[in-house]
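Inside the fold
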There are 2 protein chains.
Amino acid sequence: MQGMVETVDRLFVHARELVTLTDGPARGARRGAAMQDLGVIADGAIAVRGGRVVAVGTTDSIARDYRASIEHDLSGTVVLPGFVDGHTHPVFAATREDEFHMRCAGADYMAIAAAGGGILSSVRAVRAATEDELLARTMRIFDGFLAAGTTTIEGKSGYGLSVEDEVKSLRALTRARDSHPLDVVRTFLGAHEVPLEYRDRREAYVDLVIDEMLPAVVGLCEACDVFAEPGVFDLEQSRRILRAAKAAGLRLRIHADEIRPMGGAELAVELGADSADHLPQVSDAGIRALAGSDTTAVLLPGTSFYLGKPKHAPARALIDAGAAVALATDYNPGSCHTQSMPLIVTLACVLLHMGPAECIVASTINPAASLGLDADIGTLHPGKQADFVALDLPSHRGLGYVFGGNPTVATVKRGEPVWPKPR
Amino acid sequence: MQGMVETVDRLFVHARELVTLTDGPARGARRGAAMQDLGVIADGAIAVRGGRVVAVGTTDSIARDYRASIEHDLSGTVVLPGFVDGHTHPVFAATREDEFHMRCAGADYMAIAAAGGGILSSVRAVRAATEDELLARTMRIFDGFLAAGTTTIEGKSGYGLSVEDEVKSLRALTRARDSHPLDVVRTFLGAHEVPLEYRDRREAYVDLVIDEMLPAVVGLCEACDVFAEPGVFDLEQSRRILRAAKAAGLRLRIHADEIRPMGGAELAVELGADSADHLPQVSDAGIRALAGSDTTAVLLPGTSFYLGKPKHAPARALIDAGAAVALATDYNPGSCHTQSMPLIVTLACVLLHMGPAECIVASTINPAASLGLDADIGTLHPGKQADFVALDLPSHRGLGYVFGGNPTVATVKRGEPVWPKPR
């Protein structure tokens, strides 16, 4: 007996492996052993309608039950949910390659700062740029994320460090988001560094962030972040800013325990932040706090690698303790100039000793959950956005193993192929 | 007064920077301070005829002096001589991602071997494959090199380890070379490992390599390589094989001082080898020997990174001593699965502390010289092959700084755009 055949917009068929991630729950961050459940379908297919997943299954079963006027052949590729990059700094005005080479040659932070490098060089450039210039560059950067197979990012301001320039940055980010297929969660990071003009009155800068910046940006972002680090924003300053942001209705993220330990992870948990990011220096207490919380540990191995640091985030301890772990690029012009989640996965395998399934979960559903988007993205469950990436890999275990180039064959956003750009 | 206008086949114009490398001599490996001379032309152009460079200069000057019916706009790109990858193992039959993940999880060499991994797993797969299967895979791999901006490689056999299977591998490599734009220098590596069937009679395997393999492969390759390493081929075995290869008219290369120091660099110099490759464990005497010789130190930072080794090749000591230094991918299915010279440059900057100009020289003219091809490739000097790559970089100093994706916009081989594949 022949069943009903349903008409959809598009069929994507013959993926060598379709990694749906729906063996486990389709929502929420996955922890520990649950990070092994990938829901892999051999010779997989996806039916899409209205930009959403209607069904996933073997090509045989999908071809039997669905029909579409547009059919895409994914032969030879491994298909994953689009990468979700939960920590990026995409709004800047100039690259910093000279500083990279100085650092590789052994120059320390002070020498780089003396030569005009560091975050404050990006601040000078952003302040000198117009909103339209920032917009144009941000649009090109968004193209780069799609090319790398990333379909959703979290993007921060933080190179303005004045009311006017933080607003300008978030407006450029918003306009880019509004005219680009990439989905973007916007984060205000006025507390990224203390600008030169406030170096001898740091509390006054904290006041500026709280009293003037926050009210000005509150309609331009979903979240607030603070660079909590000894010598930048201490624990109490970070707490003040984040509490004010929470009171203003923003979600919270924290740059925590990156260079020197300071209890940043514990602060993130105390405040109910969505994420504690970086964490090479997280304490055992911080690991326990994260494991007992809904705060996601967002690990950025590209940064510790690129900065030549000997110590990386303790991914195994975090996973084994039961913390929710995500991976992100930290894409920025200074400390990690990559947009490639596949490269970050290689670094996570080699430097953080994460396994292939853990890396896939940590670059899809877990960051989606940390951004509050797990109802819509992060798995290929029916009803979710049809965001996915087709990769040239021998199997899903080839992610990380294949390294250094761009394995992305095609990126699909809301059911539409968006990279390579349709001609 | 108007000069003569010469007609050529193609003009490539408006490169943001054209890195010709012709401030220094157009031939020969560059050492020490001479590695800084890049011959950078802002708004650069190249005139090409018969697959060769006719002239390089500013777009203004080239447009004044040359005319062509085909003109390519290189706006927004940095153009370098095509990368020359002087150490690859492109002829294999199966990827080894499971072994990669075992190693990242902490498994040692013995555990991986016990699980069927390591070089011998590639030997099993190559022996089971037909020559046509090897050819088809090798052709796809060659496409990957062009996509990464590499226009010439050295490619080794070494996963056959029998007369029949080494010949099969080199025949597949030769057929791939003959039907692909990539230029390939072929190297016989029968002494890559001792196959299982010779484990209790290693000298008999050395005899097999010398007495049977060498005569069988001598028309199928330009060079011979040996994996000189304690427990694999010792110094005397390596010397015997390489001397026999030299007597048979082959050029020499050596896997030297990778895992444990053994005087491999000194052996390379003693025998007049073109290259000593790997070198994390090279001794001070080995560095001095290389510096006083024409043997190029071919450094493979991708491998020491990918294997999670704490010690990398002493690039600074080698350069400072005056050795000729080149970079290569070591592309292979086990210890370094990347085809990307741009990624290798990032690793050379971060892990080997090489500077941007040194990295460019070490990935173009120096490997060309080590392969005996410096009369034809490695710089954009008039008369040389028009092999070049257009990269999406802010400046030539952006090579290394931009990492993790594929910055290649276009690869040109003998004056013809070969990647992206013309439609």
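Criteria and thresholds
- Residues numbered from 1 in each chain as written.
- Chains lettered and ligands numbered in written order.
- Predicted model: local features only at pLDDT ≥ 70, side-chain atom pairs only at ≥ 80, totals over all residues.
- Heavy atoms only, no water.
- Helix = DSSP H or I, 4+ residues; strand = E, 2+ residues; numbered from the N terminus.
- Buried < 20%, exposed > 50% of the residue type's maximum accessible area, 1.4 Å probe, protein only.
- Contact = heavy atoms within 4.5 Å.
- Areas by Shrake-Rupley, 256 points an atom, 1.4 Å probe, with all protein chains shown as cover.
- Lys, Arg positive; Asp, Glu negative; His and termini not counted.
- Charge placed at Lys NZ, Arg CZ, Asp CG, Glu CD.
- Core = buried A, V, L, I, M, F, W, Y, C linked by side-chain atoms within 4.5 Å.
- Pairing = 2+ DSSP bridges.
- Axes fitted to C-alpha atoms, helices over the stretch in contact; angles between N-to-C directions.
- Salt bridge = Lys/Arg side-chain N within 4 Å of Asp/Glu carboxyl O.
- Polar contact = N/O pair within 3.5 Å; in protein donor to acceptor, adjacent residues only side chain to side chain.
- Least-squares fit on C-alpha atoms with pLDDT ≥ 70 in both.
- Buried area = accessible area lost by both parts, 1.4 Å probe.
- Nonpolar A, V, L, I, M, F, W, Y, C, P; charged D, E, K, R; others polar.
- Phe/Tyr/Trp six-rings, centres within 6.5 Å; stacked < 30°, edge-to-face > 60°.
- Lys NZ or Arg CZ within 6 Å of the ring centre and 35° of its normal.
- Left-handed = near helix turned anticlockwise from the far one by under 90°.
- Domains from an automatic or database assignment.

**A word on the overall build of chain A**
Regarding its fold elements, chain A presents 15 helices and 18 strands. Each of the three principal axes of chain A carries a C-alpha extent, and together these read 80 × 45 × 45 Å. A buried classification covers 63% of the 423 residues belonging to chain A. For chain A, long-range pairs separated by at least 24 residues make up 73% of all intrachain contacts whose partners lie at least 6 apart in sequence. Within the structure as shown, chain A displays about 14,400 Å² of accessible surface, and the carbon and sulfur contribution to it stands at 52%. The averaged location of the 53 negative side-chain charges in chain A is 1 Å from the averaged location of its 41 positive side-chain charges.

**A look at the nonpolar core**
L327 of chain A together with L327 of chain B are the most contacted members of the largest nonpolar core, which has 212 residues in total. Once residues lying within four places of it in the same chain are set aside, the contact partners of L327 of chain B are V84, L299, P301, M341, I344, V345, A348, L352, M354, C359 and A362 of chain B.

**Regarding the environment of F388 of chain A**
Mapping F388 of chain A onto the fold places it in strand β16 (residues 388-391). For the pair formed by F388 of chain A and V19 of chain A, sequence separation is 369 residues and the distance between their alpha carbons is 9.8 Å.

**Let's talk about the pairing of strand β8 (residues 83-88) of chain B**
A regular strand places its side chains on the two faces of the sheet in alternate fashion. Residues and elements named next belong to chain B. Within β8, 6 of the 6 residues are buried, leaving the element largely enclosed by the surrounding structure. When β8 meets strand β9 (residues 150-156), the two strands line up parallel, connected through 4 bridges. By the bridge assignment for β9, V84 is matched with T152.

**Regarding the sheet that holds β8 of chain B**
Residues and elements named next belong to chain B. Taken in spatial order, the 8 strands make up an open sheet running β8-β9-β10-β11-β12-β13-β14-β15, and their pairing is parallel. Because the sheet does not close on itself, it has two edges, and the strands there are β8 and β15 (325-327). Direction aside, neighbouring strands of the sheet carry axes that sit 25 degrees apart on average. Of the strands in this sheet, β9 and β10 (183-191) touch helix α6 (residues 163-178), which is tilted by about 175 degrees from β10.

**A short note on the side chain of D257 of chain B**
Residues and elements named next belong to chain B. If you trace the backbone, D257 turns up in the loop between β12 (251-256) and α9 (264-270). Nearest to the buried, unbridged D257 among oppositely charged side chains is K311, at 10 Å. From its side chain, D257 meets the backbone nitrogen of M262 in a polar contact 2.9 Å long. Engagement of the side chain of D257 in a polar contact is seen with the backbone nitrogen of G264, the distance being 3.1 Å. Once residues within four sequence positions are removed from consideration, D257 is found in contact with A228, M262, G263, G264, A265, E266, L279, P280, Q281 and V282.

**Some points on the environment of I46 of chain A**
All names here are of chain A. Tracing the chain through its elements places I46 in strand β3 (residues 40-49). Given a relative accessible area of 1%, I46 falls into the buried group. For I46, the contacting residues outside a window of four places in its chain are R10, L11, F12, L18, V53, A55, V56, V79, L380 and F388.

**Observations regarding the relation of the copies chain B and chain A**
Rotating chain B by 180 degrees and translating it 0.0 Å along the rotation axis places it on chain A, where the RMSD comes to 0.0 Å. Read as a symmetry element, the transformation amounts to a two-fold axis. A share of 100% of interface residues in chain B that are also interface residues in chain A marks the association as one of identical surfaces.

**As for the interface of chain B and chain A**
Tallying the contact residues gives 37 residues for chain B and 37 residues for chain A. Contact between chain B and chain A buries roughly 3,100 Å² in total, counting both sides, with carbon and sulfur atoms accounting for 65%. Applying the counting criterion to the chain B and chain A interface returns 2 salt bridges. Per element, the largest residue contribution to the side of chain B that touches chain A is 6 residues, and it comes from helix α13 (residues 341-352) of chain B. Its residues assigned to classes, the side of chain B that touches chain A comprises 17 nonpolar, 15 polar and 5 charged.

**Comments concerning helix α4 (residues 119-128) of chain A**
Taken together, the buried positions of α4 of chain A are L120, S121, S122, V123 and V126 of chain A. Where α4 of chain A is buried, its residues touch α2 (97-104), α5 (131-147) and α6 (163-178) of chain A.

**Some remarks on the pattern of salt bridges**
All names here are of chain B. This structure, assessed with the given rule, holds 66 salt bridges over all chains. Across the salt bridge formed by R175 and E131, the nearest N and O atoms sit 2.7 Å from each other. Pair noted here: R175 is in helix α6 and E131 is in helix α5 (residues 131-147), with a separation of 44 residues, a long-range link. A salt bridge links E154 to R253; the shortest N-O distance between them is 3.6 Å. Remark: R253 occurs in strand β12 and E154 occurs in strand β9; sequence separation between them is 99 residues. Residue classification places E154 among the buried positions, given a relative accessible area of 0%. A relative accessible area of 1% places R253 in the buried class.

**Description of the packing of aromatic side chains**
For the coordinates displayed, the defined rule picks out 19 aromatic pairs over all chains. Among the aromatic side chains, those forming a connected cluster through ring pairs are F100, F305, Y306, Y401 and F403 of chain A together with F100, F305, Y306, Y401 and F403 of chain B. The lysine or arginine in question, R201 of chain A, covers the ring of Y198 of chain A, its NZ or CZ lying 4.3 Å from the ring centre.

**Digging into the packing of α6 of chain A against helix α7 (residues 202-217) of chain A**
All names here are of chain A. The contact between α6 and α7 brings their axes to 10 Å, and the two run at 35 degrees. Like other packed secondary-structure pairs, α6 and α7 cross with a definite hand, here right-handed. Across from V163, E166, V167 and L170 in α6, the residues of α7 making contact are L208, E212, M213, A216 and V217. Looking at the contact of α6 with α7, its residues break down into 7 nonpolar, no polar and 2 charged.

**So, the side chain of S304 of chain A**
Residues and elements named next belong to chain A. Within the secondary structure, S304 is located in helix α11 (residues 301-306). In this structure the side chain of S304 is engaged in a polar contact, spanning 3.4 Å, whose partner is the backbone oxygen of P301. A polar contact of 2.7 Å, which involves the side chain of S304, links it to the side chain of H312.

**Some details on the sheet that holds strand β11 (residues 223-227) of chain A**
Residue and element names in this part refer to chain A. Within the open sheet, the 8 strands sit side by side as β8-β9-β10-β11-β12-β13-β14-β15. Their pairing is parallel. Here the strands that pair on one side only, and so sit at the sheet edges, are β8 (83-88) and β15 (325-327). Within this sheet the neighbouring strands show an average axis-to-axis angle of 25 degrees, counted without direction. Judged from the 3 bridges that link them, strand β14 (residues 296-299) and β15 form a sheet pairing that is parallel. Looking at the pairing, L299 lines up with L327 of β15.

**Description of the pairing of strand β3 (residues 40-49) of chain B**
Residues and elements named next belong to chain B. The pairing of strand β2 (residues 10-19) with β3 spans 7 bridges and is antiparallel. Paired with E17 across the two strands is A42, which belongs to β3. Looking at chain direction, β3 and strand β4 (residues 52-58) are connected through 6 bridges and run antiparallel. If you follow I46 over to β4, its bridge partner there is V56. Linkage of β3 to β4, two consecutive antiparallel strands, is achieved through a turn of 2 residues, within which G50 is found at a positive phi near 60 degrees.

**Focus on the domain arrangement of chain A**
All names here are of chain A. Taken as a whole, chain A is organised into domain 1 (6-82 + 378-419) and domain 2 (83-370). One C-alpha centre belongs to domain 1, the other to domain 2; they are set 29 Å apart. Each partner contributes to the interface: domain 1 provides 37 residues, whereas domain 2 provides 35 residues. In this assembly, domain 1 packs against domain 2 so that about 2,700 Å² is buried in total across both faces, 67% of it on carbon and sulfur atoms. Put simply, domain 1 and domain 2 have 3 salt bridges between them. R31 is the partner of D294 in a salt bridge, and the nearest nitrogen-oxygen pair spans 3.8 Å.

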